[in-house]
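For reference, the chains in residue letters:
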Number of protein chains: 2
Amino acid sequence: MAGKVIKNNIRVLRFQNDEMTQAALADKSGVTRQTILAIEAAKYAPSLELAFKISDIFSTPLEDVFQYVDKE
Amino acid sequence: MAGKVIKNNIRVLRFQNDEMTQAALADKSGVTRQTILAIEAAKYAPSLELAFKISDIFSTPLEDVFQYVDKE
DNA sequence: TTGCAATGTAAAATATACTTTACATTATGT
DNA sequence: ACATAATGTAAAGTATATTTTACATTGCAA
């Protein structure tokens, strides 16, 4: 039931982008550190707007940051 | 303040896809007709998961359905 | 070893997406 | 003219994303 889940590469992208910290990413995307933490831990998926903001910060397409894939 | 807004082409895509009705799209994406209506009317943006589902239904990349653009 | 930066856990409060129900409007076909 | 399908408006309720606060852990540098 549900079939697919949303995964993300935020952690990897942070390190690729000058080892950006969770707090720094939170700051740039206008949310709190807890929100970034929860999303990285996949406790919940971000809103579409936040997903776009994070993608923008990494200068990468949304689908390179978030993937909607079958859960194994 | 905010700079950007989320726009979408759901309406156009519905018509391109066999004139799919709002109710039909709602059905396929597992939400109610009101939700599709509200998103088309840009009353609010969908969750990332719903955005992915809708894109899947139209067999098109998410960014072809939703755009995060400067508000004119 | 002490201190600090980064990350993690947790819980209560708020904002926003989404549902449910009900009714109004518009267009189309018969 | 009537019936019906599709779309629109609206309001109250539920679910989930996000905030706020507070504290624990880990690693690294002085």
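Caption draft 1: Structural context of the overall build of chain A. A tally of regular secondary structure across chain A gives 5 helices and 2 strands. Counting from the amino terminus, chain A carries its helices and strands in the arrangement β-α-α-α-α-α-β. Expected size for 72 residues packed as a compact globule is a radius of gyration near 11 Å; at 12 Å, chain A falls within 12% of this value. In terms of overall dimensions, chain A has a C-alpha envelope of 35 × 20 × 20 Å along the principal axes. A total of 72 residues make up chain A; the buried ones form 38% of that total. The contacts of chain A with a sequence gap of at least 6 include a subset with a gap of at least 24, amounting to 60%.

Caption draft 2: View of the side chain of Ser55(B). Summarising the element assignment, Ser55(B) is placed in helix H4 (residues 48–57). Leave out the neighbours within four places in its chain, and Ser55(B) touches Thr60(B), Pro61(B), Leu62(B), Val65(B) and Phe66(B).

Caption draft 3: Fine view of the pattern of salt bridges. The full count for this structure, using the stated rule, is 6 salt bridges over all chains. The partner of Lys4(A) in a salt bridge is Asp56(B), with the nearest N and O atoms 3.2 Å apart. One end of the pair, Lys4(A), is in strand S1 (residues 4–8); the other, Asp56(B), is in helix H4, on a second chain. Assessed through its relative accessible area of 39%, Asp56(B) is described here as partly exposed. For the salt bridge of Arg14(A) with Glu40(A), the shortest nitrogen-to-oxygen distance reads 2.6 Å. A residue pair is termed long-range when its members are at least 10 positions apart, and Arg14(A) in helix H1 (residues 10–16) and Glu40(A) in helix H3 (residues 33–40) qualify at 26 residues.

Caption draft 4: Structural view of the environment of Pro61(A). Residues and elements named next belong to chain A. Position of Pro61 relative to the elements: it lies in the loop between helix H4 (48–57) and helix H5 (62–65). For Pro61, a relative accessible area of 39% gives the class partly exposed. With 27 residues separating them in the primary sequence, Pro61 and Gln34 have C-alpha atoms 24 Å apart.

Caption draft 5: Region of interest: the protein's contact with DNA strand D. Around DNA strand D sit 18 residues in total, of which Thr35(A), Tyr44(A), Thr21(B), Arg33(B) and Leu37(B) are the nearest. Residue Gln34(B) places a side-chain N or O atom 2.9 Å away from a base oxygen belonging to DNA strand D. Mapped by element, the contributors of at least two residues to the surface near DNA strand D are H3 of chain A together with helix H1 (10–16) and helix H3 (33–40) of chain B. Among the residues forming the surface near DNA strand D, the class breakdown is 7 nonpolar, 8 polar and 3 charged.

Caption draft 6: Region of the structure containing the relation of the copies chain B and chain A. Least-squares fitting of chain B to chain A yields an RMSD of 0.0 Å, with the transformation described by 0.0 Å of translation along the axis and a rotation of 180°. The relationship between the two copies is best expressed as a two-fold rotation axis. The overlap is high: 100% of the interface residues of chain B also sit at the interface in chain A, so the same surface is used on both sides.

Quick notes on the rules
The residue numbering used here restarts from 1 in each chain and proceeds along that chain's sequence as written. Here the convention is simple: chains get letters from A, ligands get numbers from 1, in the order in which they are written. Local features in this predicted model are restricted to residues of pLDDT 70 or higher, and side-chain atom pairs are both shown and tallied only at a pLDDT of 80 or more, whereas totals for entire chains, interfaces and linings draw on every residue. Calculated side-chain values reflect all of the structure's heavy atoms, with hydrogen atoms and water omitted. Only DSSP runs of H or I covering at least 4 residues are called helices, and only runs of E covering at least 2 are called strands; the numbering of each starts at the N terminus. The reference for a compact globule is 2.2 Å times residues^0.38; the radius of gyration itself is calculated from the C-alpha atoms. Relative accessibility thresholds used throughout: buried, under 20% of the residue-type maximum; exposed, over 50%; partly exposed, between the two (1.4 Å probe, protein chains only). Contacts are residue-level and defined by heavy atoms, with any inter-residue pair within 4.5 Å sufficient. Each salt bridge in this description consists of a side-chain nitrogen of Lys or Arg and a carboxyl oxygen of Asp or Glu lying within 4 Å of one another. Being near a molecule or strand, for a residue, means having at least one of its heavy atoms within 4 Å of it. Here a polar contact is taken to be a pair of N or O atoms separated by no more than 3.5 Å, where protein atoms must pair a possible hydrogen donor with a possible acceptor and residues adjacent in sequence count only if both atoms sit in side chains. Basically, the charged four are Asp, Glu, Lys and Arg, the nonpolar ten are Ala, Val, Leu, Ile, Met, Phe, Trp, Tyr, Cys and Pro, and anything else, Gly included, counts as polar. Alignment of the copies relies on least squares applied to C-alpha atoms, considering only residues that score at least 70 for pLDDT in both.

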